[in-house]
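One-letter residues, chain by chain:
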Amino acid sequence: MGIELAGYFLIALIGLIILVKLFSWPLKVLVKLIINGVLGAVLLFLVNLVGGTFGVTIGINAVTALIAGFFGVPGVIFLIVFKMFL
C-alpha cells in the first residue's frame, strides 16, 4: 500500500509541475497552441470526410492527432503528402 501511495504522489507531483509550467508560459503562446490544435483537428476531420471520395484518408491515431494538433494546418498538409507517397 505504501508503494501505491508513493506512485500516486509522484504522478500528482509531475502533473503539478506540468501545470505550473503551462501557466508560466505567456498567454499568447497558449492561445496559439489551442488555435493550432482546434484547426488541426477540424482539418483532419474534413480531410477524412471529403478525401474519402478521392481515396485520400488519414487514420486518426495518437501520432496523427499530435501532429495535426501541434502543427495545425501545416501538420495536416504534411500528413496528406506523407500519405500520398506511402
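Residues numbered from 1 in each chain as written. Predicted model: local features only at pLDDT ≥ 70, side-chain atom pairs only at ≥ 80, totals over all residues. Heavy atoms only, no water.

Draft legend 1. The confidence of the model for the protein chain, seen in detail. In this model, the protein chain carries a mean pLDDT of 82, and residues with pLDDT of at least 70 account for 92%. Here helix 1 (residues 2-24) stands out as the element of the protein chain with the lowest mean pLDDT, 76, in contrast to helix 4 (residues 73-85), whose mean of 89 is the highest. (pLDDT = per-residue confidence, 0-100. Helix = DSSP H or I, 4+ residues; strand = E, 2+ residues; numbered from the N terminus.)

Draft legend 2. Looking closely at the packing of aromatic side chains. Applying the stated criterion across every chain yields a total of two aromatic pairs. Between phenylalanine 78 and phenylalanine 82, the ring centres sit 5.8 Å apart and the planes meet at 25 degrees, which makes this aromatic pair stacked. Of this pair, phenylalanine 78 and phenylalanine 82 both sit in helix 4, four residues apart, which is roughly one turn of the helix. (Phe/Tyr/Trp six-rings, centres within 6.5 Å; stacked < 30°, edge-to-face > 60°.)

Draft legend 3. Representation of the packing of helix 2 (residues 27-51) against helix 4 within the structure. Direction vectors running N to C along helix 2 and helix 4 enclose 30 degrees, while the axes themselves pass 8 Å from each other. Classed by the angle they form, the pair helix 2 and helix 4 counts as roughly parallel. Our pair here, helix 2 against helix 4, has a crossing hand that is right-handed. Contacts between helix 2 and helix 4 involve Gly40, Leu43, Leu44 and Val47 from the first element and Val73, Val76, Leu79 and Ile80 from the second. (Axes fitted to C-alpha atoms, helices over the stretch in contact; angles between N-to-C directions. Parallel < 35°, antiparallel > 145°, perpendicular 65-115°, else oblique. Left-handed = near helix turned anticlockwise from the far one by under 90°. Contact = heavy atoms within 4.5 Å.)

Draft legend 4. Here's a closer look at helix 2. Taking 1.5 Å as the rise per residue, helix 2 with 25 residues should run 36 Å; its terminal C-alpha atoms sit 35 Å apart, in good agreement. Along helix 2, the residues classified as buried are Leu30, Asn36, Gly40, Leu44, Val47, Asn48 and Gly51. (Expected span 1.5 Å × (residues − 1). Buried < 20%, exposed > 50% of the residue type's maximum accessible area, 1.4 Å probe, protein only.)

Draft legend 5. Examining the packing of helix 2 against helix 3 (residues 62-71) more closely. Remark: helix 2 packs on helix 3, axes separated minimally by 6 Å, with the N-to-C direction vectors making an angle of 130 degrees. One finds that helix 2 runs oblique with respect to helix 3. The crossing of helix 2 and helix 3 is right-handed. Counting all contacts with helix 2, which are made through Leu33, Asn36, Gly37, Gly40 and Leu44, the residues of helix 3 involved are Thr64, Ala68, Gly69, Phe70 and Phe71. Of the residues in the contact of helix 2 with helix 3, the class split is five nonpolar, five polar and no charged. (Nonpolar A, V, L, I, M, F, W, Y, C, P; charged D, E, K, R; others polar.)

Draft legend 6. Expanded view of helix 3. Sitting at the amino-terminal end of helix 3 is asparagine 61, which places a side-chain oxygen 3.1 Å from the backbone nitrogen of valine 63. Immediately downstream of helix 3, the backbone of glycine 72 shows phi near 70 degrees, a positive value. (Polar contact = N/O pair within 3.5 Å; in protein donor to acceptor, adjacent residues only side chain to side chain.)

Draft legend 7. Quick peek at the environment of isoleucine 34. Mapping isoleucine 34 onto the fold places it in helix 2. A C-alpha to C-alpha distance of 19 Å links isoleucine 34 and phenylalanine 78, two positions 44 residues apart in sequence.

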